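# Fold and geometry: a report
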Number of protein chains: 2
Amino acid sequence: MAQLSDNIEKFIKDLMEEGTQVELRRNELAQHFGCAPSQINYVLATRFSINHGYVIESRRGGGGYVRIVRMCQRNEDNLLSVLMNQIGGEIDEESAVAIIKHLLDLQLVTRNEALIMRSAMQQDALALPVSAKNVLRASVLKSMLKQVFRNAQRGDKA
Amino acid sequence: MAQLSDNIEKFIKDLMEEGTQVELRRNELAQHFGCAPSQINYVLATRFSINHGYVIESRRGGGGYVRIVRMCQRNEDNLLSVLMNQIGGEIDEESAVAIIKHLLDLQLVTRNEALIMRSAMQQDALALPVSAKNVLRASVLKSMLKQVFRNAQRGDKA
DNA sequence: TATTCTGACTTTCTTTGACTATTATACCGG
DNA sequence: CCGGTATAATAGTCAAAGAAAGTCAGAATA
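Attention here is on the structure that accompanies the text. Bear in mind the structure is a predicted one, so any value in this text is a computation, not a measurement.

Thresholds applied
Residues numbered from 1 in each chain as written. Chains lettered and ligands numbered in written order. Predicted model: local features only at pLDDT ≥ 70, side-chain atom pairs only at ≥ 80, totals over all residues. Heavy atoms only, no water. Contact = heavy atoms within 4.5 Å. Buried area = accessible area lost by both parts, 1.4 Å probe. Salt bridge = Lys/Arg side-chain N within 4 Å of Asp/Glu carboxyl O. Polar contact = N/O pair within 3.5 Å; in protein donor to acceptor, adjacent residues only side chain to side chain. Helix = DSSP H or I, 4+ residues; strand = E, 2+ residues; numbered from the N terminus. Nonpolar A, V, L, I, M, F, W, Y, C, P; charged D, E, K, R; others polar. Near = heavy atom within 4 Å. Buried < 20%, exposed > 50% of the residue type's maximum accessible area, 1.4 Å probe, protein only.

## Some thoughts on the interface of chain B and chain A
In this assembly, 31 residues from chain B lie in contact with 27 residues from chain A. Contact with chain A buries area across many residues of chain B, yet B:Asn112, B:Ile116 and B:Gln147 alone supply 24% of it, more than any other trio. Viewed at the interface, chain A and chain B are joined by zero salt bridges. Taken together, chain B and chain A are joined by four residue pairs in polar contact (both at pLDDT 80 or more). Listed by contribution, the elements that provide at least two residues to the side of chain B that touches chain A are helix H6 (111–121) and helix H7 (130–148) of chain B. Taken together, the residues of the side of chain B that touches chain A break down into 12 nonpolar, 11 polar and eight charged.

Rendered as structure tokens:
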């Protein structure tokens, strides 16, 4: 249950706390969790990706480090167009969910709205090639985003 | 003749108790009952389907799980399964919008939520035959409905 | 005969280890 | 003292093994 990767993710997020970034030694962390160092890379890749809103900077060699930076929230003004660009013609489910979570963080949508949007992103039942699903998902997400930003402009509170 | 499936069903329902959901390991449960793991899937499919008012979420791989969530009936006895049947494999935009409006009338969704759902139903940009769009729409709508009827209280943590 | 149950096969997610790449530092010849 | 080179100390990559859960056709059973 409490998976190694999940624990490492939590550990890092705890380290971040209120700050916007954290720096660590990959090998030390691996040792702390008694795992292979590359496990750390796995966690970073699957939980701290760009789509999750993080950037990883690192350096090898003596005194090397891994720095995890939480991206600052983008200006809401052009957020819609930024997101539209980011989505493009297709998007995978994970990235879509990350975008929705971002909206939630920015309080542009309520928790329930985010959940509904997220559910619209899971098309697992559809018997289609993944690439086609990504195209469909992009279309649906963009449509919903336009709606959300219409609401946001009005400043509606449901 | 207390059938194995019946026992498993009862076991799961006991686990749920008053709660709205329960999480378990498929293999552990199978072992507990000394049966094939796929037996669990059979029980889930035949006793915990959407029409029974449940949704199943799961994850594979290390640390995998199966989560069984009981839906909210909200006095509208079996509205969800009625709607699911009504939607079937495809649905046109007009009917979808009608269903969403119905949910709004019943105050099962807020106005904003309804707007978002409706926007997810308009796939005009998509260069696809109408029939294909209807299939896609059905899939997205059903997915959102499941979310709406989930028992999670408003403002709940996932 | 319809329902239940199983097993082989598939898919997804995690973890590891061997190999590679980069950087800092120590060491050397000039 | 300077510049280059070897060495050590890091981190990165990738493929393969491991650890779950899913699917489905067919056997077993009520």
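The rest of the description comes next.
## Some points on the protein's contact with DNA strand C
Surrounding DNA strand C, one finds 26 residues, the nearest of these being A:Ser5, A:Tyr42, A:Arg59, B:Ser5 and B:Tyr42. The share of sugar and phosphate among atoms of DNA strand C within 4 Å of the protein is 64%. A distance of 2.6 Å separates a base oxygen of DNA strand C from a polar atom in the side chain of B:Ser38. One of the backbone nitrogen or oxygen atoms of B:Gly61 is found 3.4 Å away from a base oxygen of DNA strand C. Sorting the residues of the surface near DNA strand C by element identifies helix H1 (4–16) and helix H3 (37–47) of chain A together with helix H1 (4–16) and helix H3 (37–47) of chain B as the ones contributing at least two each.

## Observations concerning unusual backbone geometry
The phi torsion at A:Gln107 lies on the positive side, around 60°, for a residue other than glycine. Tracing the chain through its elements places A:Gln107 in the loop between helix H5 (93–105) and helix H6 (111–121). According to the relative accessible area criterion, A:Gln107 is exposed, its value standing at 64%. Of note, the phi angle at B:Glu17 is positive, near 50°, even though the residue is not glycine. Among the structural elements, B:Glu17 can be located in the loop between H1 and strand S1 (21–24).

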